[in-house]
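Remarks on the overall topology
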Amino acid sequence: MDLFEYQGKQYFARFGVPVSPGGIATSPQEAVELAERLGYPVVVKAQVQVGGRGKAGGIKLAGDAEQARAHAGSILGMDIRGHVVRRVWLERASDIEREYYASFTLDRGAKDHLAMVSAKGGVEIEQVAAEDPAAITRLHIDPYTGFSEAQAQRLVADAGLDERARPGAAAVLVSLYRCFTEGDADLVEVNPLVLTTDGRVKALDAKVTLDDNAAFRHPEWEEFAGTAELDERERHARRAGLQYVGLDGFVGIIANGAGLAMSTCDVVNQVGGRPANFLDIGGGASAEVMASALEVISSDPSVRSIFVNIFGGITRGEEVANGIVTALGRVDIKVPMVVRLDGTNAEEGREILRTVESEMVISSPNMMDAARKAVDLAGSGK
Ligand code: GDP
Ligand code: MN
């Protein structure tokens, strides 16, 4: 489960990671009242679970009530890369001298925790990783021995943080690691971690992903679940009992089983496409489920073609095909669809699909070929 920045900061504070006090507003009037209490200048920040809010105009400084009202008014309701802003977080603005980056995450391959620290914060870390990988200092941490004060001090020095930020930054790292481990997170990321002009080090942003498997020992996570950000497609999919993951591309993917859904994403990428989402319809592929899946996928405006990839196991090919035929009678799909059906009774299934084949519904027995067709049909502009 991903937290919003304001929730992440509350979580940080619980483990002693320094953050600025602030509050949430859902209207310009609330924002002004809050700003008056906090004292100017304040920073008004869009609460959406997507990075690059600053660049998108979702973060603004306000020096007085009039500006606080205007900024809250323009940021609330704003669409930031498909995420509509429902709440703004306000905090007393910090005077920034330097911006750094710090995170802890799991390195599953190494079976260790991984700390990453950089003196180049404030920009997307992916960009730093691409342009100047040496600017990110990594340290693997054995989860059994943990992360010591001494390791933290060495890490901030190795990363080249300014001398006067080092003691504060090392202390933040120790608290942040506690938040990561005791707080049962899969990721804690601070970008930027700042050195203020008066020499303090604190977290100006917070990205926290909680490990859902640990929810049983955190009754306090309930409040986070209530605000979890689902887009309309996710809500729709969840109501229909489907597993849906939204992505940034243009080929809609329906597959049975998470493993096949992920392989389908890989294959689409391999042939030059990009998945818009993937929808796992699970073991069965009844007409009901298939119709819901097609509805969810067709409601996504970025989908320019649909790739249905089904491997019949216990569910037989003809049932799947009948499901698709019935679903097509119920849902008006506006983009071309390529169906690859394989596995148990696939030939019988394909025979049934022949009755609905057209320019809009194409069947191909081969996964790679079907992926190519789906990507071609998505057309230009990819
Ligand atoms: P993101 O763009 O979604 O990662 O949002 P951040 O919370 O990281 O903020 C983006 C940038 O806004 C930061 O890197 C800072 O440069 C700036 N910013 C955020 N909070 C403050 C603040 O309190 N004071 C000042 N001066 N700048 C801020
Ligand atoms: Mn940030």
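Every chain is numbered independently, its residues counted from 1 as its sequence is written. To label them, take the chains in the order written and letter them from A, then take the ligands in the order written and number them from 1. Local features are withheld for residues below a pLDDT of 70 in this predicted model, meaning they are given only at 70 or higher, and side-chain atom pairs are given and counted only at 80 or more; totals for whole chains, interfaces and linings count all residues. Excluding hydrogens and water, the side-chain values take into account all heavy atoms of the structure.

1. Considerations on the domain arrangement of the protein chain
By convention, interface size is frequently given as the accessible area that disappears when the constituent parts associate. Here is the rule we go by: Note: domain ranges come from an automatic or database domain assignment.
The domain architecture assigned to the protein chain consists of domain 1 (21–92), domain 2 (96–222) and domain 3 (232–380). A separation of 40 Å is found between the C-alpha centroids of domain 2 and domain 3.

2. Observations regarding the nonpolar core
Quick reminder of the rule: Here, the term nonpolar core denotes a set of buried Ala, Val, Leu, Ile, Met, Phe, Trp, Tyr and Cys residues that are joined through side-chain atoms within 4.5 Å. Throughout, exposure labels follow a simple rule: accessible area from a 1.4 Å probe, protein chains only, divided by the maximum for the residue type, with under 20% read as buried, over 50% as exposed, and the rest as partly exposed. For helices the rule is a DSSP run of H or I covering at least 4 residues; for strands it is a run of E covering at least 2, with both sets numbered from the N terminus onward. Any pair of residues with heavy atoms lying within 4.5 Å of one another is described as a contacting pair.
In this structure, Tyr11, Phe12, Phe104, Leu173 and Val188 are the most contacted members of the largest nonpolar core, which totals 40 residues. Of all the secondary structure elements, the ones that give two or more residues to this core are helix H1 (5–14), strand S7 (96–107), strand S8 (112–118), helix H5 (149–158), helix H6 (166–182), strand S10 (185–196), strand S11 (201–203) and strand S12 (207–210). Once residues lying within four places of it in the same chain are set aside, the contact partners of Tyr11 are Leu3, Cys179, Gly183, Val208, Leu210, His218, Glu220, Trp221 and Phe224. The next biggest cluster of nonpolar side chains, apart from the first, holds 30 residues, and it includes Ile281, Ala293, Ile297 and Val339.

3. A word on the site of ligand 1
Convention followed: Think of it this way: one heavy atom of a residue within 4 Å of a molecule or strand is enough to make that residue near it. Any N or O atom pair separated by 3.5 Å or less is treated as a polar contact, with the protein-specific requirement of one donor-capable and one acceptor-capable atom, and with residues adjacent in sequence counted only for side-chain atom pairs. Using a 1.4 Å probe, accessible areas were evaluated by the Shrake-Rupley method; residue-level cover was limited to the displayed protein chains.
Around ligand 1 lies a shell of 16 residues, among which Lys45, Arg53, Gly54, Ser94 and Glu99 are the nearest. Measuring from an oxygen atom of ligand 1, one finds a backbone N or O atom of Gly52 at 3.5 Å. Between ligand 1 and the protein, one listed contact pairs an oxygen atom with a side-chain N or O atom of Glu99 at 2.6 Å. Expressed as a share of its isolated accessible area of 570 Å², the protein-covered part of ligand 1 is 80%. Elements supplying a minimum of two residues to the shell around ligand 1: strand S2 (42–46), strand S3 (59–62), S7 and S10. No fewer than three residues from each of domain 1 (21–92) and domain 2 (96–222) sit in the shell around ligand 1.

4. A closer look at helix H12 (residues 346–353)
How we decide: In this description, the arc belongs to the directions extending from the helix axis to the C-beta atoms.
Along H12, the positions that sit buried rather than exposed are Ala346, Gly349, Arg350 and Leu353. Buried residues of H12, viewed axially, fall in a sector of 100°; they line one side. As for H12, its buried residues are in contact with helix H11 (317–330), strand S17 (337–343) and strand S18 (361–363).

5. Some words on the coordination of the manganese ion (ligand 2)
Heads up, the rule is: Here the coordinating atoms are restricted to nitrogen, oxygen and sulfur within 2.8 Å of the metal centre, or 3.2 Å for Na, K and Ca, and because water is not among them the sites may look incomplete.
Taken together, the protein ligands of the manganese ion (ligand 2) are Asn191 (O) and Asp205 (OD), with distances of 2.2 Å. Of this pair, Asn191 sits in strand S10 while Asp205 sits in the loop between S11 and S12, and the two are 14 residues apart along the sequence. You'll find Asn191 and Asp205 in the same group, each marked buried.

6. Focus: the pairing of strand S16 (residues 305–312)
So the rule is basically this: We treat two strands as partners when DSSP finds at least two bridges between them. Crossover handedness is defined here as right-handed if the route from the first strand over the helix to the second strand goes clockwise, with the strands pointing away from the viewer.
Buried residues dominate S16, accounting for seven of its eight residues. In this sheet, S16 lies alongside strand S14 (residues 251–255) in parallel orientation, the contact comprising five bridges. Paired with Ile253 across the strands is Phe307, a residue of S16. Both S16 and S17 contribute to a ladder of seven bridges, which runs parallel. When the sheet's bridge partners are listed, Asn309 is paired in S17 with Arg340. With H11 bridging S16 and the parallel S17, this β-α-β connection has right-handed handedness.

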